[in-house]
2 protein chains.
Amino acid sequence: MTTTADRTAASDLTLNTRAVADLVDGRWGEHRRRVRDLMLDERLRRADNLTVAEHRARVLEQSRYLVELEVVNRAFPERLGGYDDPGGNIAGFEELAVADPSLQIKGGVQWGLFGAAILHLGTEIHHDRLLPGAMDLTVPGCFAMTETGHGSDVAAIGTTATYDPAAEEFEIHTPFRGAWKDYIGNAADHGTAAVVFAQLITAGVNHGVHAFYVPIRETAPDGAAGDFLPGVGGEDDGPKGGLNGVDNGRLHFDRVRIPRENLLNRYGDVAPDGTYSSPIDSPGRRFFTMLGTLVQGRVSLGGSAVVVSKMALATAIRYANERRQFTGADEDVETVLMDYQQHQRRLLPLLARTYAAQFMHNQLGQRFHEVFSGEHDTDGDRQDLETLAAASKPLSTWLALETIQTCREACGGAGYLAENKFVTWHQDMDVYATFEGDNHVLLQLVGKRLLTDYGREMAKMDVAGAVRWVADRAVDMTLHRTPLRRAAQSIQDGGSLARSAGEIRDPDAQRELLEDRVESMVEEIALALRAAKGAPADVAQALFNSHQHDLIEAARAHGELLQWEAFTEAVASIRDDDTRKVMTWLRDLFGLVTIEKNLSWYLINGRISAQRARTVTSYINRLLPRLRHHAQDLVEAFGYSDKHVGAVIGTGVEGQRQREARDYYRRRRASGNEPVSEKSQKKS
Amino acid sequence: MTTTADRTAASDLTLNTRAVADLVDGRWGEHRRRVRDLMLDERLRRADNLTVAEHRARVLEQSRYLVELEVVNRAFPERLGGYDDPGGNIAGFEELAVADPSLQIKGGVQWGLFGAAILHLGTEIHHDRLLPGAMDLTVPGCFAMTETGHGSDVAAIGTTATYDPAAEEFEIHTPFRGAWKDYIGNAADHGTAAVVFAQLITAGVNHGVHAFYVPIRETAPDGAAGDFLPGVGGEDDGPKGGLNGVDNGRLHFDRVRIPRENLLNRYGDVAPDGTYSSPIDSPGRRFFTMLGTLVQGRVSLGGSAVVVSKMALATAIRYANERRQFTGADEDVETVLMDYQQHQRRLLPLLARTYAAQFMHNQLGQRFHEVFSGEHDTDGDRQDLETLAAASKPLSTWLALETIQTCREACGGAGYLAENKFVTWHQDMDVYATFEGDNHVLLQLVGKRLLTDYGREMAKMDVAGAVRWVADRAVDMTLHRTPLRRAAQSIQDGGSLARSAGEIRDPDAQRELLEDRVESMVEEIALALRAAKGAPADVAQALFNSHQHDLIEAARAHGELLQWEAFTEAVASIRDDDTRKVMTWLRDLFGLVTIEKNLSWYLINGRISAQRARTVTSYINRLLPRLRHHAQDLVEAFGYSDKHVGAVIGTGVEGQRQREARDYYRRRRASGNEPVSEKSQKKS
């Protein structure tokens, strides 16, 4: 229950929105805000009610305008007119979603995928020859990796690039319908070249997937894309659930010849005579290294998803603080939506989760910059970065979908009108959950990495450590895995104050609970999978499959822990007492809703007593009205004005309408002409 | 773990899809299937890539065609050319969503709301005068209830209808912007008349909300809507998140005069001299009785949501049974998606929940028919029906959104293409969660009813009963509310087989767990709210608000219990052993995922031991591969062929592409020209 003291305390605090905004916007805040404000330009904003064709044409024009504005070249080398600033590039890039997510994705295709593939998979000759056209958009390009038959399983694509030493050419070929490139941005209309991923075959050996630069369409003198070049074909993917400003399509190749030099040869090269060479000996490691250079897409998708979550929450909370519905204790005054407990329950945990996703994303951006600027670029750094991105992107893209949908419903019928943005955001963000790596596939990657790390820890241990470990496990098995420890804890909980209600607020207790869950889940799966060692392949496969769901849940728990830690670190950096207190409540809310969601795990595994479990929900219920006082400031700190967002509902129109209605009723009462209600007549 | 025995057993069973289809389609199955097949007519199907204006025009034409086909008149009186068949009408009506949800909603506006309001709120003179035009669509009509300022709180609308005895007319007036009628179907373009809800004021007394028949636009000789009539104004709501075949708009009235007889006067009338009379004395009961006659909308929205869930699952499961991705134990054969545990975890519980929603909906349809055919039409019957509809509609509309989204993601990038339907279904169904009563508001209504019923039970009890009850509670408080009972149960669980793993499969155990939760939650809230008795209004209000979330959760639990009971009843009626066994597994899956979702509640409240809690998830994991064998048959039993659904992805194209790919690799291998993989070279 909320006590009056809690409420007074909460409303007495002042949130320093400027300080919070700096934390939220992170290291590249200044650039981020500059790009955000550029998005107020009408030329860049999404226009309603365009046909698919009109929307595509507009977004292409807008992309050209972005080149003029110099907001798309930050990641590229200084010597070609760029800034060598990978981190700043991503931060600014994410803000394109403010104008129109189609613009962000169109730019992502051109500069984040097509251009980045040339930069990271090509070598200096490719940079000099191909990057200028990619950067200034005189060559709109495709990133032709995905095939109809193979999405997340890139290694299995069917397109071949067979080397012909006689001609010193590669022959790019699509052997069957399932190997058509599919869902490829710029493929339906605008692309004149493509980076095509294909199985590199030379001298009778398949060296696995490599990237090739392939011109695909004629270019008219005015730069417009013309007909397909000989041997190239394709079709339009047609209308999509959203992002209809991007011209996705299919491509196929009928023995298309390209010069040997069009192989982007940083990680694998073919000599004129057909001899293959690579700086990375293992084909598996080589493949993952090549794919790893393209992590930028995953990083920025997650960041854009957080941008849209922030705009959705800003809109729904502004509206919920104005909109009134149903009279409360006073029969003449309707209750403001934000005062309803259920409305707080729906919106405030999403606000806390959005902050958490943002802070984790800021750390990810930092790591990304360190790797790609060369500041910290070891193999290990790259692997950590990929795991971090694979954990962050699923969480933040799903969070965006949940947030947008909840906000749309929280605004009722008004939330369904296109003018209030939620519905187009949902349509655009929908595919973020499956592109640049299906979210479940990514979480499984994270889970496998957790298992590997666990195995390494075990392997590294010396005999004394192993003995200690086994002893610990034995204690653990007795205390955790049976109801005994739970019973013991209940008695403790009842008998002393040491582990009572208050403790769940303690960050150390939250961290311990979140960490313990990840570790225990991973360990449990690892122990179960030991039986697969030496078992026939099908048995091992079946065993692994029977733990797939658990593994994905462990990865999710790991991601949530990282979010919690990033949030906690951000809070610790706040110097202003009031602000730190409010942000600590918000972090607590994040920690507690995460624990509450998995409460049965904590109970079953004896990590928490029934009595303490109750305090999780009751403390959440105490936090909600406190944070409700600061909800408006907490969304203002995101830095998206109603003009950035562009949702009519978030511009104060509802408050205006209510003042008008109140004035009408007041005047009628004053005039003496107010009809008596039959209800009140009957009461008296 | 899945044992081989389980698998064999599961695959040995044969599901009688015809018998299941009959159960699913229910009492009006024949009519339902007739309408479903009519929806194969190209004239009725949604066309892709229409502008909003084109889509609206097409749906209007389709609606006229429905009149020709005689599928929209079943609910109306025989003497006017109808069938007096309210239940059959709704069943058929729900199937319109197969062609296009916009068509269903356009029809819902015309016949389910505009026509139904005339039928249920008007009297014979209105039926004779107004129903024929509503039925044959010569008068496209609006149901003008919702206002910009008031959605679910209908009692607070601002529009007035003031009686003028001198002219024997009502003056319909919109006093301020918030009182504009909003989100009204047929208002933007096609409507020529409206049933307008307004505060009825006569002789200085406001008798609350009543319905009035108001012509709003001129009608051209060809029946097309012309300009607004004098005093009437409005505007277009513009593009929406979906349902863009329906022309929603706003209406306002500037002292528009209508004859006294245009009051739909079944529940309240005004004599020529201005004297008000009503067969229902209490203004509150009168209001709820009037609104209650319009329950049809809620019933059919829930049913259509189930229709779309079924089509989405049929598509995703057909695809998941064809699509392969990543090699398994055999490095040459990729694993079919449906074999992945995670894919089963994502889709099969939704399949179980969709069946549960269907069976509950069938019972609701039966109750609806009994009330509106007059078979069982007491005040109590109507109240029960409304509560049932208020519980069913939120659950089935939210389920549809979750199902569509999960299915879309489960189909990856292909799921995002408009040609595969998921995205437009989601866009159309989105608003079902908030129209015809916001889902949370409806669940709160259910919760309040549960509290009232609980109070009545208490009030009815005699002294002996009360003593017994208190004693029971005392025991309950000791055993349930403290860890004691849990501890006791753990010891029991450990010591005997009586309450061990197998029991959770027992339907009585499932029912007990589900029932117990609803009862205990309601009781706990009721006890907490006792403190509000006699407290000042603001304190009472705050206390109620602090339990709002719990109350809504109790209502949800109640709805899930009703779904489980309906499912169990349906299963019991199956005579074929194999079919009953499979359907029992599916019912178990529904029961267990519902219990699993709330497992922490059961653990905290000592209803289940930690040990037994583990068996919930492990039994779910055993059910999944068994049901996986029957997943295809279980969706075929829904009766939606790929032609009904119209999703390209569900027509076998993926299987065709895979056969082609396999043939290519086989031929290449046979030719001796297959390149060696570098990987396999290095291995050897």
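Residues numbered from 1 in each chain as written. Chains lettered and ligands numbered in written order. Predicted model: local features only at pLDDT ≥ 70, side-chain atom pairs only at ≥ 80, totals over all residues. Heavy atoms only, no water.

A.B. asks: So what exactly am I meant to see when it comes to the sheet that holds strand β9 (residues 232-236) of chain A here?
C.D. replies: In a beta sheet, neighbouring strands pair by backbone hydrogen bonds and run either parallel or antiparallel. Residue and element names in this part refer to chain A. Sheet architecture is open: three strands sit in the order β4-β10-β9, paired in antiparallel fashion. Only two strands of the sheet have a single neighbouring strand rather than two, namely β4 (181-184) and β9. The mean angle between the axes of side-by-side strands here comes to 25 degrees, regardless of whether they run parallel or antiparallel. As paired elements, β4 and strand β10 (residues 249-253) share two bridges and run antiparallel to each other. (Pairing = 2+ DSSP bridges. Helix = DSSP H or I, 4+ residues; strand = E, 2+ residues; numbered from the N terminus. Axes fitted to C-alpha atoms, helices over the stretch in contact; angles between N-to-C directions.)

A.B. asks: In this structure, what is going on with the nonpolar core? I would like to understand it.
C.D. replies: Soluble, globular proteins show a tendency: their nonpolar side chains are buried together. Counting residues in hydrophobic clusters, the biggest one holds 342 residues, and the most contacted among them are Phe197, Tyr355 and Met583 of chain A together with Phe197, Tyr355 and Met583 of chain B. Among residues more than four places away in sequence, those in contact with Met583 of chain A are Val20, Tyr355, Phe359, Phe567, Val571, Ile574 and Leu634 of chain A. (Core = buried A, V, L, I, M, F, W, Y, C linked by side-chain atoms within 4.5 Å. Buried < 20%, exposed > 50% of the residue type's maximum accessible area, 1.4 Å probe, protein only. Contact = heavy atoms within 4.5 Å.)

A.B. asks: Where do I start with the relation of the copies chain B and chain A in this structure?
C.D. replies: The relation between the two chain copies is a rotation about an axis coupled with a shift along that axis. Overlaying chain B on chain A yields an RMSD of 0.0 Å, the required transformation being a rotation through 180 degrees with an accompanying axial translation of 0.0 Å. Both copies are brought into coincidence by an operation consistent with a two-fold rotation axis. When C-alpha positions in chain B are compared against the rotation axis, the closest is assigned to Ser600 of chain B, at 2.1 Å. Residue by residue, 100% of the interface of chain B is reproduced at the interface of chain A, so both copies engage with the same surface. (Least-squares fit on C-alpha atoms with pLDDT ≥ 70 in both.)

A.B. asks: I keep staring at unusual backbone geometry and nothing clicks. Help me out?
C.D. replies: Where the residue is not glycine, phi is negative for most of them; where a peptide bond is considered, it is trans in most cases. All names here are of chain A. The backbone of Tyr183 shows a phi angle near 65 degrees, a positive value even though the residue is not glycine. With a phi close to 55 degrees, Glu436 is a non-glycine residue in the positive phi region. Structurally, Glu436 can be placed in the loop between α13 (422-429) and α14 (439-460).

A.B. asks: Sorry if this is basic, but what is going on with the side chain of Thr568 of chain A here?
C.D. replies: Residue and element names in this part refer to chain A. Note that Thr568 resides in helix α19 (residues 548-572). A distance of 2.8 Å separates the side chain of Thr568 from the backbone oxygen of Trp564, its partner in a polar contact. The residues contacting Thr568, other than those within four sequence positions of it, are Arg511 and Arg587. (Polar contact = N/O pair within 3.5 Å; in protein donor to acceptor, adjacent residues only side chain to side chain.)

A.B. asks: How should the pattern of salt bridges be read in this particular structure?
C.D. replies: Close approach of charged atoms allows side chains of opposite charge to pair. Residue and element names in this part refer to chain A. Across all of its chains, the model carries 98 salt bridges over all chains by this definition. Here Asp85 ties to Arg74 by a salt bridge, and the two come within 3.1 Å at their closest N and O atoms. Here Asp85 is found in the loop between α4 (52-68) and α5 (86-94), whereas its partner Arg74 is found in the loop between α4 and α5, with eleven residues between them in sequence. Both residues of the pair, Asp85 and Arg74, belong to the buried class. (Salt bridge = Lys/Arg side-chain N within 4 Å of Asp/Glu carboxyl O.)

A.B. asks: Can you walk me through the UniProt feature "domain: Acyl-CoA oxidase C-terminal" (unreviewed entry) in chain A in this structure?
C.D. replies: Taken from the UniProt record, the annotation "domain: Acyl-CoA oxidase C-terminal" (unreviewed entry) applies to residues 506-650 of chain A. Taken end to end, residues 506-650 of chain A has its terminal C-alpha atoms 36 Å apart, with 78% of it in helix and 0% in strand. (UniProt positions renumbered as here; feature names shortened; annotations may be inferred.)

A.B. asks: Could you clarify how one ought to interpret the environment of Trp111 of chain A in this entry?
C.D. replies: Residue and element names in this part refer to chain A. The residue Trp111 is located in helix α6 (residues 101-121) in this model. You can call Trp111 buried: its relative accessible area is 4%. C-alpha separation for the pair Trp111 and Arg286, spaced 175 residues apart in sequence, amounts to 23 Å. For Trp111, the residues in contact, after removing those within four places along its chain, are Ser63, Val67, Val72, Phe76, Ala116, Ala134, Met135 and Leu137. Among the polar contacts made by the side chain of Trp111, one reaches the main-chain carbonyl oxygen of Ala134 at a distance of 3.0 Å.

A.B. asks: What exactly am I supposed to notice about the sheet that holds strand β9 (residues 232-236) of chain B here?
C.D. replies: Residues and elements named next belong to chain B. Taken in spatial order, the three strands line up as β4-β10-β9 in an open sheet, and their pairing is antiparallel. Here the strands that pair on one side only, and so sit at the sheet edges, are β4 (181-184) and β9. In this sheet, adjacent strand axes meet at a mean angle of 25 degrees when their direction is disregarded.

A.B. asks: Quick question: what am I supposed to make of the interface of chain B and chain A here?
C.D. replies: Where interface size is given, it is often the accessible area lost as the parts come together that is meant. Contact residues are listed per partner, giving 108 residues for chain B and 108 residues for chain A. Where chain B meets chain A, there are eight salt bridges. The residue Glu419 of chain B makes a salt bridge to Arg250 of chain A at a minimum N-O spacing of 3.9 Å. The interface formed by chain B and chain A contains 66 residue pairs in polar contact (both at pLDDT 80 or more). Looking at the side of chain B that touches chain A element by element, the count peaks at six residues for helix α24 (residues 653-671) of chain B. Its residues assigned to classes, the side of chain B that touches chain A comprises 39 nonpolar, 39 polar and 30 charged. (Nonpolar A, V, L, I, M, F, W, Y, C, P; charged D, E, K, R; others polar.)

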